[in-house]
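Here are the chains, one letter per residue:
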Amino acid sequence: GAGVSQTPSNKVTEKGKYVELRCDPISGHTALYWYRQSLGQGPEFLIYFQGTGAADDSGLPNDRFFAVRPEGSVSTLKIQRTERGDSAVYLCASSFGVPGTGQTQYFGPGTRLLVL
Amino acid sequence: AQKVTQAQTEISVVEKEDVTLDCVYETRDTTYYLFWYKQPPSGELVFLIRRNSFDEQNEISGRYSWNFQKSTSSFNFTITASQVVDSAVYFCALSEATGNQFYFGTGTSLTVIP
């Protein structure tokens, strides 16, 4: 079956602009996660959705970052007033069930965001 | 404090050599899960293995094997007879029963030289 897909694959924007990154999880996966990966680092957690609700947004760095999942499937990560420090690869993952039960997270190819 | 430590930043081996990637984790949970992912140059994280804290049996899958030792909080990954296609960044990750996220190490970049 289809894996996690993310669009766009690359995004170049200017400082101060607004961007939206989209994630389409594996069909049937109720849990969806966003991570951010900076160069030379491992992915860092941003937010977790169970169904339509953000069950844990403790990893969002500040209020410029926001994510939605209105119908419990596709999710959009929104970044307002982008800064150069936001440049990174944004990864989306999905899994069955709830976290903490050992469910494997399956990752998409990521969106490479470059803020000039 | 870092929950997952991968002390080896970069490793280079010649094809057909064996190589072991180290992973040390830290958690207070008694129930937790450990994972290894491979990130080839294309960038997508590929799941390799999952282990739960109650199963310390080592596992072998083809040329890959994993050694889980709770006594040393380690979950090491060995590739036998390495191949050029094994060149990638490998990440170890921890999931705790009380948490929602995966904690990743900083990764080990493996280069297999033909």
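Before any of the text, the structure's been laid out above.
Below, the structure is looked at part by part. (Residues numbered from 1 in each chain as written. Chains lettered and ligands numbered in written order. Predicted model: local features only at pLDDT ≥ 70, side-chain atom pairs only at ≥ 80, totals over all residues. Heavy atoms only, no water.)

The peptide bond linking threonine 7 of chain A to proline 8 of chain A adopts the cis configuration, its omega dihedral lying at -10°. Tracing the backbone shows proline 8 of chain A in the loop between strand 1 (5-7) and strand 2 (10-13). In the Ramachandran plot, arginine 81 of chain A falls in the positive-phi region, its phi being about 45° despite a non-glycine side chain. In this fold, arginine 81 of chain A is placed in the loop between strand 8 (75-79) and strand 9 (88-95). Despite not being glycine, lysine 16 of chain B shows a phi value in the positive range, around 85°. Within the fold, lysine 16 of chain B resides in the loop between strand 2 (10-14) and strand 3 (19-21). (Helix = DSSP H or I, 4+ residues; strand = E, 2+ residues; numbered from the N terminus.)

Within a regular strand, the side chains alternate between the two sheet faces. Residues and elements named next belong to chain A. Counting buried residues along strand 8, four of its five residues qualify, which places the element largely inside the surrounding structure. Looking at chain direction, strand 3 (residues 19-24) and strand 8 are connected through five bridges and run antiparallel. When the sheet's bridge partners are listed, glutamate 20 is paired in strand 8 with lysine 78. One ladder, built from four bridges, connects strand 7 (residues 65-68) with strand 8; its direction is antiparallel. Bridged to phenylalanine 66 within strand 8 is lysine 78. Hairpin connection, strand 7 to strand 8: the antiparallel pair is bridged by six residues, and glycine 72 has positive phi, about 80°. (Buried < 20%, exposed > 50% of the residue type's maximum accessible area, 1.4 Å probe, protein only. Pairing = 2+ DSSP bridges.)

Another aspect to go through is the interface of chain B and chain A. Tallying the contact residues gives 21 residues for chain B and 23 residues for chain A. Overall, the association of chain B and chain A removes approximately 1,700 Å² of surface from exposure, summing both partners, and the carbon and sulfur fraction of that is 51%. Among the residues chain B hides against chain A, the three largest losses belong to Leu45, Asn100 and Phe102 of chain B. Together they make up 30% of the total. Taken together, the links from chain B to chain A amount to zero salt bridges. One can count five residue pairs in polar contact (both at pLDDT 80 or more) joining chain B with chain A. Every element with two or more residues in the side of chain B that touches chain A is listed here: strand 5 (32-39), strand 6 (46-52), strand 10 (88-96) and strand 11 (102-104) of chain B. Class assignment for the residues of the side of chain B that touches chain A results in nine nonpolar, nine polar and three charged. (Contact = heavy atoms within 4.5 Å. Buried area = accessible area lost by both parts, 1.4 Å probe. Salt bridge = Lys/Arg side-chain N within 4 Å of Asp/Glu carboxyl O. Polar contact = N/O pair within 3.5 Å; in protein donor to acceptor, adjacent residues only side chain to side chain. Nonpolar A, V, L, I, M, F, W, Y, C, P; charged D, E, K, R; others polar.)

Taken by themselves, the reported measurements are silent on function.
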